[in-house]
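Tertiary structure, described
Letter by letter, the chains look like this.
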Amino acid sequence: MITTLDALVDQIDRTNKKTVAVAQAADAAVLTAVKRALDQEIADFILTGETEAINQAAKDAGIDLSERGVRVLDVPSIESAGAAVKAVHDGEAHVLMKGNIDTKTLLKAVLNKEYGLRKGSVLSHVALFEIPGRDKLIFLTDAAMNITPSLEEKVQIIQNAVETARRAGWEMPKVAPLAAVEVVNPAMPATRDAAVLSQMNRRGQIKDCLVDGPLAFDNAVDEKAARQKGIHSEVAGKADILVVPTIEVANALYKSFMYFAGAKVAGVISGAKAPIVLTSRADDAQSKIYSLALALRASY
């Protein structure tokens, strides 16, 4: 079991490197992450966008783009998202990474009917946290894509997260659908959905994981809290994946982990034919490396 994000990076296979296609790579912060990834030999890169702008951004970041493992695909900025997505679609790259481009434009290319990466009907964000004081990593989904997912969408969100976790090294991840209480309350839809998801898992409709809920946050992550509530299951207190009922819950947990607990994080968009790394200007270069590592581990 991987217990740190640094270990996630260390365990990438350097003998069979995969390639990352960066959409609109003319950004010093993104190229700094590319440089660090090249230094750690975790991936090769296809950089899309206007060559002159990319070279200038590289110069500003003190990066030599003549290094082995980097190919610049010269296209107009407006076509950079499509070019990066096509590179993945055509098998030239294994992971898609957002550069200096807005998310809406990138996802529009991802969902293109001709060359896009659509696999199912739901894309979802999967975050992996290393929280100080805990001896294991924990996944959180969905903090970015689905606002108020339906029961059907939650099934796919779980499947996306489980696929990511299994490819990253979790053989049989434990999944906790979160709610405010541990019993089914007809007035609380999150508890009803959690109970149905658990039963679907028992019936083999959600595979390759263990699902148990509803569970309140404390009973999902702390075995002592679960025992005190008299909750006995293979998931309670030992959850690997936290599944939230709404994006607001995920957003609050995500930022609490970061700002109150000082957590490190990796994040990818799952549910497409290849993992997607959505970088943020708020992310430092190491956070981008962690996200790249998770995407590379989760790629086909």
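Residues numbered from 1 in each chain as written. Predicted model: local features only at pLDDT ≥ 70, side-chain atom pairs only at ≥ 80, totals over all residues. Heavy atoms only, no water.

Some remarks on the side chain of asparagine 219
Tracing the chain through its elements places asparagine 219 in helix α8 (residues 217–221). In terms of polar contacts, asparagine 219 uses its side chain to reach the side chain of glutamate 182, at 2.6 Å. (Helix = DSSP H or I, 4+ residues; strand = E, 2+ residues; numbered from the N terminus. Polar contact = N/O pair within 3.5 Å; in protein donor to acceptor, adjacent residues only side chain to side chain.)

What to know about the nonpolar core
A general trend in soluble globular proteins is that nonpolar side chains are found buried together. Counting 56 residues, the largest nonpolar core has Val20, Val22, Phe45 and Leu47 as the members making the most contacts within it. With seven residues, helix α11 (residues 285–298) is the single largest residue contributor to this core. Listed in part, the 23 residues of the second largest apolar core include Phe129, Ala176, Leu178 and Ala239. (Core = buried A, V, L, I, M, F, W, Y, C linked by side-chain atoms within 4.5 Å. Buried < 20%, exposed > 50% of the residue type's maximum accessible area, 1.4 Å probe, protein only.)

Details of the packing of aromatic side chains
Counted by the stated rule, this structure contains four aromatic pairs. Centre to centre, the rings of phenylalanine 217 and phenylalanine 257 are 6.2 Å apart; their planes meet at 35°, and the pair counts as tilted. Of the two residues, phenylalanine 217 sits in helix α8 while phenylalanine 257 sits in helix α10 (residues 247–259), which places them 40 residues apart along the sequence. Since its relative accessible area comes to 32%, phenylalanine 217 is described here as partly exposed. Through a chain of ring-to-ring contacts, the aromatic side chains of Phe129, Phe217, Tyr254 and Phe257 assemble into a single cluster. Against the face of tyrosine 115 rests lysine 86, its NZ or CZ located 4.8 Å from the ring centre. (Phe/Tyr/Trp six-rings, centres within 6.5 Å; stacked < 30°, edge-to-face > 60°. Lys NZ or Arg CZ within 6 Å of the ring centre and 35° of its normal.)

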